Amino acid sequence: MKTASSPIEPSPFVAVVDDDPSVRDALDSLFRSVGMSTYLFGNPNEMIQAVLPKSPGCLILDVRLPGVSGLDFQSQMARHGIELPVVFMTGHGDIPMTVRAMKAGAVDFLSKPFRDQDMLDAVSGAIERDRLRRIERADNESLRAEYETLTPREREVMGHVVAGLMNKQVAGVIGLSEITVKIHRGNVMRKMGVRTLADLVRKAEALGISGH
């Protein structure tokens, strides 16, 4: 008996920025051995100019690079539209450097030589973080799209409703009949894809709407 197939998740990828070709090749073999796609770069500029997949991924970044250091590139990533979680590697790790990297959002910091399993564990954690970030972003975009379908009056009614006002109270505040408010409220619930007030309140909170 055939069962409905689940959507196929895109294959995760790993971007590697290291000026040492032997390190790049070794990591390329390691990640490919577990089914991950790899993108190899000798310096940050090469990566900036590349087109990376839209699937979950992470960046393996060497701290010591010619020109722009790995730590400096980490601080510049957002400006270039790169939101991948970072796993740092270095042969010259020290505590201040590690602290700076982790405070800036690095997922892990591995000192060379590292065990293959340690690298795979760090990458798996980073990719999972990126996968969840992408899901959250898609959910937020979907929620914002729902809200954009509301008319200005429906948004006004929604604000009062999530603040805890009854239909009769909302009607008095904005100068409409109670039945008209009820219609607007029904439209809000339908367009926002909710059946209960509690669900509407949760969506309003996610949108940053706290009520009037």
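Here we summarise the structure given alongside this text. Counting restarts for each chain, with residues numbered from 1 along the sequence as it is written. The predicted nature of this model means local features are confined to residues of pLDDT at least 70 and side-chain atom pairs, given and counted, to a pLDDT of 80 or more, with totals for whole chains, interfaces and linings taken over all residues. Hydrogens and water molecules were not included; the side-chain quantities draw on all heavy atoms of the structure.

So, about the sheet that holds strand β4 (residues 86–90). One requirement defines pairing of two strands: DSSP has to find at least two bridges between them. Segments assigned H or I by DSSP are reported as helices when at least four residues long, segments assigned E as strands when at least two residues long, and all are numbered from the N terminus. Pairing within the open sheet is parallel, and its five strands lie in the order β2-β1-β3-β4-β5. Each edge of the sheet is formed by a strand with only one pairing partner; in this case those strands are β2 (37–41) and β5 (108–111). Averaged over all pairs of adjacent strands, the angle between strand axes in this sheet comes to 20°, irrespective of strand direction. Of the strand pairs in this sheet, β4 and β5 are connected by four bridges, and their pairing is parallel. Residue pairing for β5: Phe88 is matched across the bridge by Phe109. Residues count as neighbours in contact if any of their non-hydrogen atoms are within 4.5 Å of one another. To get an axis, fit a line to the C-alpha atoms, keeping to the stretch in contact for a helix; angles then go from 0 to 180 degrees between the N-to-C directions. Most of the contacts of helix α1 (residues 21–32) go to β2, to which it runs at about 170°, and overall it touches β1 (13–17), β2, β3 (57–62) and β4. Relative to the sheet, helix α5 (residues 116–148) contacts β1, β3, β4 and β5, its axis offset from that of β3 by approximately 130°.

With that out of the way, let us pick up the packing of helix α7 (residues 167–174) against helix α8 (residues 178–191). At a minimum axis separation of 8 Å, α7 and α8 run at an interaxial angle of 110°. With respect to α8, the element α7 is oriented roughly perpendicular. Between α7 and α8, the residues in contact are Asn167, Lys168, Val170, Ala171 and Ile174 and Glu178, Val181, Lys182 and Arg185, respectively. Grouping the amino acids of the contact of α7 with α8 by side-chain chemistry returns four nonpolar, one polar and four charged. An angle below 35 degrees is read as roughly parallel, one above 145 as roughly antiparallel, one from 65 to 115 as roughly perpendicular, and any other as oblique. Throughout this entry, Asp, Glu, Lys and Arg are counted as charged residues, while Ala, Val, Leu, Ile, Met, Phe, Trp, Tyr, Cys and Pro are counted as nonpolar. The remaining residues, Gly among them, count as polar.

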